[in-house]
Amino acid sequence: MKLLTYQWLTSLLLLLALRGQAQPTQPYPYPPSEVLTIHSKLLNEDRQVYVHCPKVDSANVNQRFPVLYLLDGDNHFQLLAEYVEYLSRPDVLAMPKTIVIGIPNTSRTRDLTPTNSIMNFEGKPDSSSYKGSGGNENFLQFIATELMPRIDKTYQTTSYRIFAGHSFGGLSSLNCLLTHPNLFDAYMAVSPSLWWDREYLLKLTAEKVKTGSTLRKTLFFSDGNEGGVNSFFHKHLLKLEATLAKKKLKGLTYRYNHYPTETHMTEPVVAYFDALRFIFKDWDKHR
């Protein structure tokens with residue numbers, strides 16, 4: 001009897017081993033995404049966007065999701081999609097499941113700068129790099145009137161929207177907050193290029209935002225080690241923070257983070273994570 005039992009166990013282990021060999025490890029398909037093509041009449045070109053859509057729960061097939069619109073999608077889409085997937089996992093639940101829309105660039109300087117200028121960060125003319133700048137208003141109209149309606153029609157969205165950008169993208173995010181505040185509910189501006197056009201956006205903030213006015217939005221902005229504490233990036237962010245504090249806006253929830261150990265290009269890795277945690281810091285209390 002013991003011999004038969006041993007032979008049976010041996011056969012079972014061999015069968016399981018063979019089955020394991022017959023099912024090799026599959027590639028890691030993460031995060032899932034698709035590409036959506038939109039013809040823009042405003043921009044007179046086809047635009048493609050990356051879309052990461054959360055998996056719909058079979059027990060709640062009508063579930064709808066907030067939407068995060070991300071500039072420089074060709075650089076940071078995978079990063080944000082992975083953050084959103086992880087933070088919204090059932091065993092983490094630090095934020096809701098969220099659709100991520102990554103917008104790649106076709107003409108970055110044109111689309112992400114609010115004014116026409118050829119001056120570089122040193123205040124010197126550079127027409128070769130900044131020719132055709134100043135198209136941010138037209139680009140924001142594309143997002144508002146062409147991209148958003150298409151996303152809302154195609155996917156199960158809620159009305160809650162986040163706008164995220166880095167460098168010129170951060171400049172665009174802040175410009176949107178000042179000129180079209182109701183387009184989004186929360187804004188991320190990672191190392192925004194506030195040097196643009198002789199500090200145009202800092203001047204606009206000081207002029208446009210009225211002391212004691214109401215602005216029920218959430219804002220996260222940050223900078224890294226981009227030349228030390230005396231760099232223009234750091235001084236500009238401190239100036240923005242001081243201006244917002246002085247204005248004493250009602251309803252505006254904001255946070256400024258400085259990352260002294262991160263460069264301009266590594267900062268988004270930590271800043272976008274912190275921004276999501278800040279925006280959804282109270283989410284678990286209301287779900």
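Scroll up to find the structure.
Cut-offs applied
Residues numbered from 1 in each chain as written. Predicted model: local features only at pLDDT ≥ 70, side-chain atom pairs only at ≥ 80, totals over all residues. Heavy atoms only, no water. Helix = DSSP H or I, 4+ residues; strand = E, 2+ residues; numbered from the N terminus. Buried < 20%, exposed > 50% of the residue type's maximum accessible area, 1.4 Å probe, protein only. Contact = heavy atoms within 4.5 Å. Areas by Shrake-Rupley, 256 points an atom, 1.4 Å probe, with all protein chains shown as cover. Core = buried A, V, L, I, M, F, W, Y, C linked by side-chain atoms within 4.5 Å. Expected span 1.5 Å × (residues − 1). Arc of directions from axis to C-beta. Salt bridge = Lys/Arg side-chain N within 4 Å of Asp/Glu carboxyl O.

## Concerning the overall build of the protein chain
Then comes step 1: Within the protein chain, the secondary structure is distributed over 10 helices and eight strands.
Then comes step 2: For the protein chain, with 287 residues in total, the buried portion stands at 47%.
Then comes step 3: Partitioning the intrachain contacts of the protein chain with sequence separation of at least 6 by distance along the chain shows that 74% fall at a separation of at least 24.
Then comes step 4: When the accessible surface of the protein chain is totalled, it reaches about 15100 Å², and 54% of it is carbon and sulfur.

## So, the nonpolar core
Then comes step 1: Among the nonpolar cores identified, the biggest contains 50 residues, and Y69, I101, I143, L147, F163 and F184 are the most heavily contacted of them.
Then comes step 2: Setting aside anything within four residues of it in sequence, one finds L147 in contact with I38, V49, Y69, I101, I103 and F142.
Then comes step 3: Membership of the second largest hydrophobic core comes to 24 residues, among which are L68, F77, L80 and L87.

## Observations regarding helix α9 (residues 267-279)
Then comes step 1: Between its first and last C-alpha atoms α9 spans 18 Å; for 13 residues at 1.5 Å apiece the expected length is 18 Å, and the two agree.
Then comes step 2: Among all positions in α9, only E267, P268, A271, Y272, A275, L276, F278 and I279 are buried. Taken end-on, α9 shows its buried residues confined to a sector of 160°, consistent with a single buried face.
Then comes step 3: Residues of α9 that are buried in the fold lie against β3 (65-71), α2 (73-87), β5 (157-166), β6 (186-190), β7 (218-224) and β8 (253-259).

## Topic: the pattern of salt bridges
Then comes step 1: Per the stated rule, a full pass over the model turns up 10 salt bridges.
Then comes step 2: Residue R161 pairs with D152 through a salt bridge whose shortest N-O separation is 2.7 Å.
Then comes step 3: With its nearest N and O atoms 3.7 Å apart, the salt bridge here joins K281 to D282.
Then comes step 4: Three or more residues are tied together by salt bridges with common partners; here these are E45, R47, R110 and D111.

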